Amino acid sequence: MVVLNNFPFITVVILISLGIYTLIYKKNLLKIAIGIILMGNGVNLFLVTLGYRHNSIAPIYTNAPEGSRMVMPTAQALTLTNIVIGLATTALILSLAVTIYKHYGTLDTDEARRLRG
């Protein structure tokens with residue numbers, strides 16, 4: 001039962017760990033972009049998990065009974081902001097990868113670094 005309650009946090013650790021592994025050990029620019037996306041998704045899941053409360057209602061519900069628990073809206077707002085920033089960052093990274101491929105003819109970071117010019 002404890003594992004089920006902590007399942008989102010375990011998933012967050014797995015996503016962020018896979019993203020860091022990809023950033024450190026992979027040399028393909030598209031795989032590096034996927035690693036950054038994985039880390040962003042892990043952060044988003046972490047924020048949503050922090051804001052979750054069992055048997056709570058949405059904070060936009062105005063006719064809530066007195067003393068009812070509501071979900072924290074701050075985590076949801078931060079997650080939405082992070083999604084927009086992550087989308088812009090992903091577009092920038094992929095456009096740089098396309099430019100590097102057009103200029104060097106490869107997506108391998110070691111070979112692109114070696115072929116300066």
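Residues numbered from 1 in each chain as written. Predicted model: local features only at pLDDT ≥ 70, side-chain atom pairs only at ≥ 80, totals over all residues. Heavy atoms only, no water.

Chemist: Go over the packing of helix α2 (residues 7-25) against helix α3 (residues 29-51), please, and point to the residues and values.
Modeler: The contact between α2 and α3 brings their axes to 8 Å, and the two run at 160 degrees. One element, α2, and the other, α3, form an angle in the roughly antiparallel class. Of the two elements, α2 crosses α3, and the hand of that crossing is left-handed. Split by residue class, the contact of α2 with α3 holds 16 nonpolar, seven polar and one charged. (Axes fitted to C-alpha atoms, helices over the stretch in contact; angles between N-to-C directions. Helix = DSSP H or I, 4+ residues; strand = E, 2+ residues; numbered from the N terminus. Parallel < 35°, antiparallel > 145°, perpendicular 65-115°, else oblique. Left-handed = near helix turned anticlockwise from the far one by under 90°. Nonpolar A, V, L, I, M, F, W, Y, C, P; charged D, E, K, R; others polar.)

Chemist: Which residues make up the layout of surface pockets, and what values go with them?
Modeler: Each pocket or cavity is described by its volume, and for the largest pocket that value is around 210 Å³. Around the largest pocket, the lining residues are Ile 36, Ile 37, Gly 40, Asn 41, Asn 44, Asn 82, Ile 83, Gly 86, Leu 87, Thr 89 and Thr 90. Broken down by secondary-structure element, the contributors of at least two residues to the lining of the largest pocket are α3 and α4 (73-104). Of the residues in the lining of the largest pocket, the class split is four nonpolar, seven polar and no charged. (1 Å grid on protein atoms, 1.4 Å probe; cavity = no way out; pocket = protein on both sides within 12 Å on 5 of 7 lines; lining within 4 Å. Points joined across faces, edges and corners; volume = space filled by probe spheres on them.)

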